Amino acid sequence: MSMIKLTASALAIAAVSATAATARDQVQVAGSSTVLPYASIVAEAFGENFDFPTPVVESGGSSAGLKRFCEGVGENTIDVANASRAIREKEIKACAEAGVTDIIEVRIGYDGIVFASQLNGPAYNAFEPADIYNALAPKVLKDGELVDNPYTTWNEFNADLPAEEILAFIPGTKHGTREVFEEKVLAAGCEATGAHKAMIEAGMSEDDAEDACIAVRTDGRSVDIDGDYTETLASIDSNANGIGIFGLAFYENNTDKLKVATMSGVTPTTESIAKGEYPVSRPLFFYVKKAHIGVIPGLKEYAEFFVSDDMAGPDGPLAEYGLVSDPELSDTQSAVSDEQTMGSNM
Amino acid sequence: MTDATTTPGAAAPKSSLLQLDDRVRRRNAAERRFKAYGIAAVSIGLVFLALLLFAIIRNGVPAYTQTFLTVPIELQADKLDKNGNRDLEEIQKVSTFGYKPLIIDGMEAALAGQGIASPFEKAKDLEKMVSASAPAQIRDFVLANPDRIGETVEFRLLASSRVDGYLKGRVAREDLARDKNLDAEHLDVADAMRDAGILERTFNWAFIFGADASESRPEQAGIGVSMIGSFFMMLVVLGLALPIGVAASIYLEEFAPKNRWTDLIEVNISNLAAVPSIVFGILGLAVFIQFAHLPQSAPLVGGLVLTLMTLPTIIISTRASLKAVPPSIRDAALGVGASKMQSVFHHVLPLAMPGILTGTIIGLAQALGETAPLLLIGMVGYIASNYPDGIASGFLDPNSAMPAQIYEWAKRADPAYYERAWGGIIILLLFLMTMNIIAIILRRRFERRW
């Protein structure tokens, strides 16, 4: 019967798969969706210029990428994890438990985090971290007392801001961007408004106060976006008063729809971020398993090519796309070529 | 009724077939209203379908054309082959970055040749009009034809996505005011080049057959590789779901005893058909990737997951078409001495085949358009830039699938990718339509009614 033949061939395919799954000749990369465009630009150029096959690049978020990275050593684990934040102690420990001990940390450059609103909507041009904190925190300091956030419009706490309803679309907790937003904006705003001090005085421990500082209100004025920036863009499109958080590169590709807000008086551009004037920026990283160098063909070449002047330099295609190039790129280059692992430079 | 006959002549009879009384009129009106509701419902559906198709075609058709620049490029020997010995190894050392100056020179020469004045102080600005894929295109040409170094060769290069968007009406002059990727002056040059005939928008086969590209060059991206991914997934689904599904339903329908166990199985199959597809994705991640260690993002795993999803559909439709074969056929076969198995395989199954195939094709079409289970096995968020180089690599190498590719494009920052997402939807719809039409034809042609 032909049916039996079909079944037999299907089984044969499954059997072949089990044996053929071992050999791998291309580099596999996963992780942050912020780093994904850069990694894919590098992977493409790498495939064009080298005899190695084009590396396989996937997204999924920094945490998810590092989790897969730490699953172990071997050909069915990924070689490189992209991250829009530094690896955490906890993750290093998890890695070590799975046998991933020698990790090379590579900083590729900086990314600006910008606040942007609808092109035809109200202009937000006087943001300070304190304003964002006042707008989004669950508890704020008002008249010297910590109260549940009473604000509904921006001008209630800063007369320079428009009289618009507060509505912010912030990245969800699985994004690396969220962490930078919490640290550089919310925590900074918490300090600046004096809420942090008031919390300590009210008898909170330092840790509790820090956690309370980076919480956001839950009455619907702060909306977590777990998807990508396109989702934030769609939300901004349908809410004229909404303000969204984007990566600089995303904003620069959508200047026909978005208007950027200044932070502490500085307009975010690659220049102002490189000079350190714009406060909300973060380094971008990728992590390489040293144990895979020499096993997976092209892995070291890929890492070196990524941080080469041609790619990550100030005139390279990554900077053109929106990466703020690292002034200390040459140090990174030598660290990569020496295969310096995280333990050795600590 | 009796009144009418007992009091004649008083008035015309109250009820007549020719004259409608109130109740009949009300009933007729109710029927007319119901028909009107039905027509309204159908036309609302049709209006939405028309709107959807209109939106898809209007947004997606531009993806099928692409802007090309015809540029004469001098393959300068002093830059590409410094020692002049045409050694391929040495030529290979010049990376794509070494080819950029050639393109800038070529663009200048093209403008000068047509008498177009360049509005830029730095010739480097002209580079923004050309796709980032151009250096690789020229490098590949040089590596394939090292003997042509030193000559001037005419290349057809992709224009950058913003220039392409201008020709398609997506990018307006005022949009560029704050855009660092292109300036309004570039558009003046583009207009002049179009008048001179060296910049033209033509049909773009690379969109249908090409590979995906990185975010910096949407003009190069195509859906071809993910189409291959979908094809291999469908092979797996067809190869597994059809034999397993048909065998299971023949056993359940023809051989299995009717008892509590088979009832339980029947209920479970119906339930399985209603399980959300994402659940199969989680199952696939746990069983095929984490337990069986099959490769991530491979069409084989995608196919296995979709097989689980398609099985109930195939089983249910197969059982329905087996049931539709009248018992007299079985009785006749058994009557002339056929065994149970012979009666099923020689008589019942061939008669049920059109129904089985229809169910299979509809199940496949459903699997083809499915994205949710692929999310979890890593086929979404993946850059499908490598063609598989053989049957085994087609099943095992990471790949994307058409719906996943569309989702991926819709997520990307450059608006040019949005247009490509709509273009991809057109291809996916064409595939689905073809499959459904084949199913309808099979049913019309071969199905027998008793």
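Residues numbered from 1 in each chain as written. Chains lettered and ligands numbered in written order. Predicted model: local features only at pLDDT ≥ 70, side-chain atom pairs only at ≥ 80, totals over all residues.

(A) How the structure looks around the overall build of chain A. When helices and strands are counted, chain A shows 15 helices and twelve strands. C-alpha atoms of chain A, sized along the principal axes, occupy 75 × 60 × 45 Å. A burial count over chain A gives 48% of its 346 residues as buried. Residue pairs in contact within chain A that sit at least 24 positions apart in sequence constitute 73% of those at least 6 positions apart. (Helix = DSSP H or I, 4+ residues; strand = E, 2+ residues; numbered from the N terminus. Buried ≥ 20, exposed ≤ 12 C-beta atoms within 10 Å, placed from the backbone. Contact = placed C-beta atoms within 7 Å.)

(B) Just the domain arrangement of chain A, in detail. All names here are of chain A. Its domain assignment divides chain A into domain 1 (24-110 + 282-337) and domain 2 (112-281). Taking only C-alpha atoms into account, the centre of domain 1 sits 30 Å from that of domain 2. Contact with domain 1, which involves 19 residues of that partner, is made by 17 residues of domain 2. Among the secondary structure elements, those contributing two or more residues to the side of domain 1 that touches domain 2 are α3 (62-69), α14 (317-321) and β12 (324-325). When the residues that make up the side of domain 1 that touches domain 2 are grouped by side-chain class, the tally is eight nonpolar, nine polar and two charged. (Domains from an automatic or database assignment. Nonpolar A, V, L, I, M, F, W, Y, C, P; charged D, E, K, R; others polar.)

(C) Molecular detail of the interface of chain B and chain A. Each partner contributes to the interface: chain B provides 39 residues, whereas chain A provides 38 residues. Residue assignment for the side of chain B that touches chain A shows that the elements contributing at least two residues are α10 (224-255), α17 (391-396) and α18 (402-411) of chain B. Grouping the constituent residues of the side of chain B that touches chain A by class yields 21 nonpolar, eleven polar and seven charged.

(D) Broad picture of the domain arrangement of chain B. What the domain assignment reports for chain B is domain 1 (66-203) and domain 2 (224-446). Computed from C-alpha coordinates alone, the two centres of domain 1 of chain B and domain 2 of chain B are separated by 46 Å.

(E) Geometry of helix α2 (residues 22-60) of chain B. In this model α2 of chain B runs 56 Å from its N-terminal to its C-terminal C-alpha over 39 residues, within 8% of the 57 Å that 1.5 Å per residue would give. Across the 39 residues of α2 of chain B, zero count as buried, placing the element largely on the outside. (Expected span 1.5 Å × (residues − 1).)

(F) Examining the nonpolar core more closely. Ranked by size, the top nonpolar core spans 164 residues in total, and within it V42, F286 and Y287 of chain A together with V237 of chain B carry the most contacts. When residues no more than four places from it in sequence are discounted, the contact partners of F286 of chain A are V35, V80, A81, N82, A83, V106 and I108 of chain A. Grouped together as the second largest cluster of nonpolar side chains are 32 residues, L69, A110, L176 and I198 of chain B included. (Core = buried A, V, L, I, M, F, W, Y, C linked by C-beta atoms within 7 Å.)

(G) The arrangement of the sheet that holds strand β3 (residues 199-203) of chain B in detail. Residues and elements named next belong to chain B. Strand order in the open sheet formed by three strands is β2-β1-β3, with antiparallel pairing between adjacent strands. Where the open sheet ends on each side, the last strands, each with one partner, are β2 (152-158) and β3. Between one strand axis and the next, the sheet turns by 35° as a mean value, whatever way the strands run. Across five bridges, strand β1 (residues 65-74) lies against β3 in antiparallel orientation. Following the sheet pairing, Q66 is matched in β3 by T202. Contacts from helix α6 (residues 134-144) reach β1 and β2, with the element oriented near 140° to β2. (Pairing = 2+ DSSP bridges. Axes fitted to C-alpha atoms, helices over the stretch in contact; angles between N-to-C directions.)

(H) Main features of unusual backbone geometry. One non-glycine residue with positive phi stands out, namely S264 of chain A, at about 50°. Summarising the element assignment, S264 of chain A is placed in the loop between β10 (258-260) and α11 (270-274). Look at S264 of chain A and you get partly exposed, because 14 C-beta atoms sit within 10 Å. Notably, H293 of chain B is not glycine yet its phi reads approximately 55°, a positive angle. In this structure, H293 of chain B sits in the loop between α12 (277-291) and α13 (299-324). Residue H293 of chain B is classed as partly exposed on the basis of its C-beta count, with 13 C-beta atoms lying within 10 Å.

(I) Representation of the environment of G189 of chain A. Residues and elements named next belong to chain A. Among the structural elements, G189 can be located in helix α6 (residues 176-193). Along the sequence, G189 and I132 sit 57 residues apart, while their C-alpha atoms lie 7.0 Å from each other. Leave out the neighbours within four places in its chain, and G189 touches P129, A130, I132 and Y133.

(J) Representation of the packing of α2 of chain B against helix α19 (residues 415-446) of chain B. Residue and element names in this part refer to chain B. Running from N to C, α2 and α19 cross one another at 125°; their axes reach a closest spacing of 7 Å. Considering their axes alone, α2 and α19 lie oblique with respect to each other. The chirality of how α2 crosses α19 is left-handed. Taking contact as the criterion, the partners of I56, I57, N59 and G60 in α2 are, on α19, E419, W422, G423, I425 and I426. In terms of residue class, the contact of α2 with α19 is made up of five nonpolar, three polar and one charged. (Parallel < 35°, antiparallel > 145°, perpendicular 65-115°, else oblique. Left-handed = near helix turned anticlockwise from the far one by under 90°.)

(K) Representation of the confidence of the model for chain B in the model. For chain B, the mean per-residue pLDDT works out to 87, and 96% of the residues sit at or above 70. Both confidence scores are given for the complex: pTM 0.82, ipTM 0.77. (pLDDT = per-residue confidence, 0-100.)

(L) The arrangement of the environment of T152 of chain B in detail. Residues and elements named next belong to chain B. If you trace the backbone, T152 turns up in strand β2. When the C-alpha atoms of T152 and L199 are compared, they prove to be 19 Å apart, with 47 residues separating the residues in sequence. With sequence-adjacent residues up to four places away left out, T152 is seen in contact with P72, I73 and E74.

(M) Seen up close, the pairing of strand β7 (residues 168-171) of chain A. Residues and elements named next belong to chain A. Here β7 shows two buried faces, one formed by A168 and I170 and the other by F169 and P171. For β7 and strand β8 (residues 222-225), the ladder comprises four bridges, and the chain directions are parallel. Considered in β8, the bridge of I170 is made with D224. With two bridges joining them, β7 and strand β9 (residues 243-247) adopt parallel strand pairing. The residue of β9 that forms the bridge with A168 is I243.

(N) Region of interest: α6 of chain A. Residues and elements named next belong to chain A. In this model, α6 (18 residues) spans 25 Å end to end at C-alpha, consistent with the 26 Å of a helix rising 1.5 Å per residue. For α6, the principal kink sits at E182 and spans about 35°. For α6, every residue scored as buried is listed here: G176, T177, R178, V180, F181, E182, V185, L186, A188, G189, C190 and T193. Looking at the residues trailing α6, positive phi occurs at G194, about 90°. (Bend = angle between axes of the 7 residues up to and from the residue.)

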